[in-house]
Amino acid sequence: MITAAVIGCGDVSTVHLEAIQALEDVELVAVCDTDPAALATTAERVGVAGFADHRALLEALRPDVAHVCTPHHQHAPVALDLLDAGVHVLVEKPLAHTLDEAERLVEAAERGRSRVGVCFQNRYNATAQAARELLDSGELGPVLGATATVMWTRTPDYYRAKPWRGRWATAGGGLLINQAIHTLDLVQWLVGDVVGVQGHASTRQHVVEVEDTAELLLTHDGGARSLVFGSLANVVHAPVTIDITTERGALSIRGDLTITHADGRVRTVAERRSSSNGRSYWGVSHEALIRDFYARLGEDEPFWISPREATKALRVLTEVYAQSNLAGPAHLGSHAV
């Protein structure tokens, strides 16, 4: 029996807890949060011990695996402590709230013996898997480029409820690092590694430090070009879109995947529907990723969505912040925790 703990009892912890409880050979032994109310509610709901500090949890129980579901700025420090204790770690996105912190975690993960995975769960979507398989097959020819959109809405209450979300020092950014990072990850995973970035991020709607709108022009290894646009100033949650153009066809992800061949043939790959109590826009594949992470614990190779792999999208958005004169050292320093 593998023992597991969840550190951070916020919104996304729900899907992690559900996934752990669905695994027959995994026992949830503890939860942890610095917020007494959130900790008490979660510990009572799942019926395990609660800890206010992850270091106390490690001293008392030292689980085999720990899920890091804390605010962004706590991802790297908590994960580093877990690795020092020899615990396997599954980190929610982003890997860290800054690229420097992410690189520290990459080095620690590759130096140690513990396995580390990062929750880019949308790679496990049926549509993403089918698209990657088809592109790898060469049936549609080389990829020419892609477009992607993330047109969601947020209210002032979203930031007031958890103020860390709207601050550079704790979130590391806004739309790009907290919402659109999943789409950036899928675009670079499907189209190819990003070798050039032009972009701009800004705050158009919300009274917060971080950006709520961004546009990017990405150049991929091999010459393909992608356009990405996102905003949290939309009036509704629109479906995330990814459209990929190839020499002999096109792929369009809008919930389901539509594949159009140059000869006119069209087929559809349906996406699985979520059974989680979590928000639907998180996708449907947290459980698939978590199940796969546990299944691979005995392997010698790093988990395929490793810290190094997870830094790819983080590098892209960090470059956009730099080009937009956002979150520079002086700005971050003036809001240091």
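Residues numbered from 1 in each chain as written. Predicted model: local features only at pLDDT ≥ 70, side-chain atom pairs only at ≥ 80, totals over all residues. Heavy atoms only, no water.

*Asks:* Go over the packing of helix α4 (residues 75-84) against helix α5 (residues 99-111), please, and point to the residues and values.
*Replies:* Following both chains from N to C, one finds α4 and α5 inclined at 15°, their axes separated by 10 Å at the closest point. Between α4 and α5, the interaxial angle falls into the category roughly parallel. Judged by the twist between their axes, the crossing of α4 over α5 is left-handed. Where α4 abuts α5, its residues A76, P77, A79, L80 and L83 lie against E101, R104, L105, A108 and A109. Considered class by class, the residues forming the contact of α4 with α5 number eight nonpolar, no polar and two charged. (Axes fitted to C-alpha atoms, helices over the stretch in contact; angles between N-to-C directions. Helix = DSSP H or I, 4+ residues; strand = E, 2+ residues; numbered from the N terminus. Parallel < 35°, antiparallel > 145°, perpendicular 65-115°, else oblique. Left-handed = near helix turned anticlockwise from the far one by under 90°. Contact = heavy atoms within 4.5 Å. Nonpolar A, V, L, I, M, F, W, Y, C, P; charged D, E, K, R; others polar.)

*Asks:* Talk me through the packing of helix α6 (residues 126-137) against helix α10 (residues 181-191); I want residue IDs and the actual numbers.
*Replies:* Between α6 and α10, whose axes approach to 9 Å, the crossing angle comes to 25°. When the interaxial angle is binned, α6 and α10 end up roughly parallel. Residues A128, Q129, A131, R132 and L135 of α6 lie in contact with α10, whose contacting residues are L186, W189 and L190. Here the residues of the contact of α6 with α10 are counted per class, giving six nonpolar, one polar and one charged.

*Asks:* Break down the nonpolar core for me, with residues and values.
*Replies:* Counting 106 residues, the largest nonpolar core has V31, L82, L176, L184, L216 and Y294 as its most contacted members. Not counting chain neighbours up to four residues away, the residues in contact with L82 comprise I7, L58, A66, V68, V87 and V89. (Core = buried A, V, L, I, M, F, W, Y, C linked by side-chain atoms within 4.5 Å. Buried < 20%, exposed > 50% of the residue type's maximum accessible area, 1.4 Å probe, protein only.)

*Asks:* Residue-level account of α6, with values.
*Replies:* Note on helix geometry: an α-helix contains 3.6 residues per turn, so any two residues three or four positions apart are oriented the same way. Taking 1.5 Å as the rise per residue, α6 with 12 residues should run 16 Å; its terminal C-alpha atoms sit 17 Å apart, in good agreement. All of the buried residues along α6 are T127, A128, A130, A131, L134 and L135. Buried positions in α6, seen along its axis, are confined to an arc of 165° and lie on one side of it. More than 90 degrees from the buried face of α6, the exposed residues found are E133 and D136. Residues of α6 that are buried make contact with β7 (143-151), α10, β11 (241-246), β12 (249-254), β13 (256-261) and β14 (266-269). Following α6 by one or two positions, G138 adopts a phi angle in the positive range, close to 80°. (Expected span 1.5 Å × (residues − 1). Arc of directions from axis to C-beta.)

*Asks:* Before we move on, can you summarise α5 with the specific residues and values?
*Replies:* Between its first and last C-alpha, α5 extends 18 Å over 13 residues, near the 18 Å set by a 1.5 Å rise per residue. Of the positions making up α5, those classed as buried are L99, E101, A102, L105, V106, A108 and A109. Lining the buried residues of α5 we find α4, β6 (116-119) and α12 (307-323).

*Asks:* I'd like to hear about the sheet that holds strand β4 (residues 65-68), residue by residue, with values.
*Replies:* Taken in spatial order, the six strands of this open sheet run β3-β2-β1-β4-β5-β6, and their pairing is parallel. Of all the strands in the sheet, just β3 (49-51) and β6 have a single pairing partner and so form its edges. Neighbour-to-neighbour, the strand axes of the sheet open up by a mean angle of 25°, direction not taken into account. Pairing between strand β1 (residues 2-7) and β4: four bridges, direction parallel. Looking across to β4, one finds that A4 is bridged to V65. Contacts from α4 reach β1, β4, β5 (88-92) and β6 within the one sheet, and its direction differs from that of β5 by about 170°. (Pairing = 2+ DSSP bridges.)

*Asks:* Requested: an account of unusual backbone geometry, with residues and values cited.
*Replies:* The step from K93 to P94 runs through a cis peptide bond, and the omega angle for that step is -10°. On the secondary structure map, P94 appears in the loop between β5 and α5. For R62, which is not glycine, the phi torsion reads 40° and is therefore positive. Given a relative accessible area of 48%, R62 falls into the partly exposed group. Look at N325: it is not a glycine, yet its phi comes out positive at around 60°. Structurally, the position occupied by N325 is in the loop between α12 and α13 (329-334).

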